[in-house]
Structure formats: structure tokens, C-alpha cells
Amino acid sequence: MLKGKTALVTGGSRGIGRAICLELGRNGASVAFVYAGNEEKAKETLTLLAELGVTAKAYRCDVADFTATQQLVKDVTDDFGGVDILVNNAGITRDNLVMRMSENEFDEVVSVNLKGAFNLIRHTSAGFLRKRAGRIVNITSDAGLMGNPGQANYSAAKAGMVGLTKSVAKELGSRGITCNAVAPGFIHTDMTAAMNAQILETAQQLIPLKRLGEPEDVAKAVAFLCSDGAAYITGQVICVDGGLRM
Ligand code: NDP
């Protein structure tokens, strides 16, 4: 149970991030979540959390902005008294073949997915060190472990998150802080809804469990990594992908 703990989840307005907020809330945590600009979806998540009786607040912030995320962590600390769990889930894609990919498409994806995770870890780690406790979970992707045509930017950012996870696990482990990554495969969200139906159909054939995953499948793994039962697990990448990568 996560009673008395505060979770800070990025990208909590929709998809996997919303499911993570709800699952951590169901497990007893208070939830501070970040969104980029979709007010309507952020309000929906707040309503769902309120229905579960979870203390929660939404924060609009660009995770790629170092200074803004520093202020965000201060605000969350003022509002909730601290952060016990950090889930770096916010992510974007800007798919293109590498020979056509613009500098901007590359930079944006690395800034949000990889630098965003660094920013939040950077600003929360002092609080974790003071408490000599903390859980960090980074949402990477099978694409970061296997590569994916059309996703050189995204795969590079997600692979970078794996290195970030392992370095942070080694740096902070002696203070009782764990840092792990969860790598989803193909999960039903707005991100996959925007993908070519043929690619999804082909992917489904390759997945041993023969279905796409649901956001809740990912959220359950994240909640486990945040639980007392996962106290001796750090620096790991847990794939939640129906067996796609093994
Ligand atoms: P969605 O596109 O459904 O949601 C993205 C979330 O991230 C939204 O809450 C969005 O906020 C937020 N966000 C985007 N950019 C920023 C930013 N700059 N600052 C703050 N918040 C931001 O994504 P998914 O739920 O599909 O994916 C969640 C994570 O899981 C991502 O990291 C993704 O890469 C990863 N993943 C997803 C897979 C899938 O199949 N869906 C597979 C593998 C990994 P807003 O609503 O305001 O726009």
C-alpha cells in the first residue's frame, strides 16, 4: 500500500499516465500529475481520481523546460509536503524516416522524452536523498530496446532513458532510492491511435499474447515497482509488451 505517499506523475492527463495516476491512487497514494496543455483531459483525470477519493492536483508544465520543472517540484512540495514517487511518463512522437527527419523533430522528441525525465529526477533527487527513500519509474519503450523504422529520434530518446535509469539507480541506491524503467510495447492510447492500422495489425501478429496492451497493464507494473514488495529491484527494465521483445 502507498498510503501517506505522494506520487508525481508526468503526462497524467491521458493514456498510460492517467492509468498510472488511478492505479497509484487506488493503492493509497496522493497524486500530483503534470500535463502539457490538454485542460479537458486533465480535468477528466482529476474527476476520476476524485471518484476514487484520492487527493490530487494537476499542474500544467512543459517537462522539457529545466526552470519550469524546478518551479513545478517546488509547487508540488509546497502543496503535498514532498514527493515520494516520481513517474516519468510524459512522451511524444514525431515519426519520420531518418533521411527526412528535421532537426526540430529530433530535438523535440529528445527534449520531452529524455531531457524531461532528467529534469524531474534532477529536481526531486535532493528531496529523496533527505528522506533516504524514494521510487523513480521511467516509462521507456520497446522501441528504445529494439529500434523501430521511422522512430530514430524516439528510439534514441527511449534508449537514453535506459542509460539514465541505470546511472541514477547506481548513484542513489545507497540511500534506499530505487530507479527502474518500464518498457511498454503497443498499448491502446492516443499515441497508437495515430499509427498506421497496417503496422498495428502486423505488430499484433508478432505479439505472443496476440493483442495490444491496455494502459492498465502498464500501470500495474508501475504500481508494483513503487510498492514495498519491489524494494530490492533497481536499475531494471520491465517489458510490458505481451512478449513482443524477449
Ligand atoms: P499519450 O499521447 O496518450 O499522452 C501523452 C501524455 O504526455 C499526455 O498527458 C500529454 O499531456 C503529456 N505530455 C506530452 N508532452 C508533454 C510535455 N512537453 N510536458 C508535459 N507533459 C507532456 O501517450 P501514451 O499514454 O501513449 O504514452 C505515455 C508514455 O508511454 C510515453 O512516454 C510513451 O512514449 C510511452 N509508450 C507508449 C506506448 C504506446 O503504445 N502507447 C508504447 C511504448 C511507450 P496533454 O494531454 O496535455 O497533451
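Just so we're clear, the structure is a prediction, and the values are computed from it rather than from any experiment.

Procedures and definitions
Residues numbered from 1 in each chain as written. Predicted model: local features only at pLDDT ≥ 70, side-chain atom pairs only at ≥ 80, totals over all residues. Heavy atoms only, no water. Core = buried A, V, L, I, M, F, W, Y, C linked by side-chain atoms within 4.5 Å. Buried < 20%, exposed > 50% of the residue type's maximum accessible area, 1.4 Å probe, protein only. Helix = DSSP H or I, 4+ residues; strand = E, 2+ residues; numbered from the N terminus. Contact = heavy atoms within 4.5 Å. 1 Å grid on protein atoms, 1.4 Å probe; cavity = no way out; pocket = protein on both sides within 12 Å on 5 of 7 lines; lining within 4 Å. Points joined across faces, edges and corners; volume = space filled by probe spheres on them. Axes fitted to C-alpha atoms, helices over the stretch in contact; angles between N-to-C directions. Parallel < 35°, antiparallel > 145°, perpendicular 65-115°, else oblique. Left-handed = near helix turned anticlockwise from the far one by under 90°. Near = heavy atom within 4 Å. Polar contact = N/O pair within 3.5 Å; in protein donor to acceptor, adjacent residues only side chain to side chain. Areas by Shrake-Rupley, 256 points an atom, 1.4 Å probe, with all protein chains shown as cover.

Asks: Quick rundown of the nonpolar core? Include the residues and the values.
Replies: Leu8, Leu72, Val76, Leu86, Leu120, Ile136 and Val168 are the most contacted members of the largest nonpolar core, which has 32 residues in total. Take this core: its biggest share by element is 7 residues, from helix H6 (residues 152-172). Every residue in contact with Val168, bar those within four places of it in the chain, is listed here: Ile121, Ile136, Gly173 and Cys179. Formed by 31 residues, the second largest nonpolar core is a distinct cluster that contains Leu2, Ala19, Ile20 and Ala223.

Asks: Pulling in residues and values, what's your account of the layout of surface pockets?
Replies: The volume enclosed by the second largest pocket comes to roughly 260 Å³. In terms of lining, the second largest pocket is formed by 15 residues, of which the most central are Val73, Thr77, His123, Gly127 and Arg130. At the level of elements, helix H3 (66-80) and helix H4 (103-131) are the ones that each hand at least two residues to the lining of the second largest pocket. Per-element tally for the lining of the second largest pocket: the top contributor is H4, with 8 residues.

Asks: Describe in detail the packing of H4 against H6, supporting the description with residues and values.
Replies: The description of two helices packed together rests on the angle between their axes and the distance between the axes. It is the contact of H4 with H6, at a shortest axis distance of 8 Å, that shows an interaxial angle of 15°. Accordingly, the angle class assigned to the pair H4 and H6 is roughly parallel. As for how H4 packs across H6, the hand of that crossing is right-handed. In this structure, H4 contributes Glu105, Phe106, Val109, Val110, Asn113, Leu114, Ala117, Phe118, Ile121, Ser125 and Leu129 to the contact, and H6 contributes Ala152, Asn153, Tyr154, Ala157, Lys158, Gly160, Met161, Leu164, Val168 and Leu172.

Asks: Outline the site of the ligand, listing residues and values.
Replies: In the neighbourhood of the ligand, 31 residues make up the surrounding shell, with Ser13, Asn89, Tyr154, Gly185 and Thr189 lying closest. Ser13 has a polar side-chain atom sitting 2.6 Å from an oxygen atom of the ligand. A distance of 2.8 Å separates an oxygen atom of the ligand from a polar backbone atom of Gly37. In isolation the ligand has 900 Å² of accessible area, and contact with the protein removes 93% of it. Put simply, the parts of the chain that give the shell around the ligand at least two residues each are helix H1 (15-26), H6 and helix H7 (190-193).

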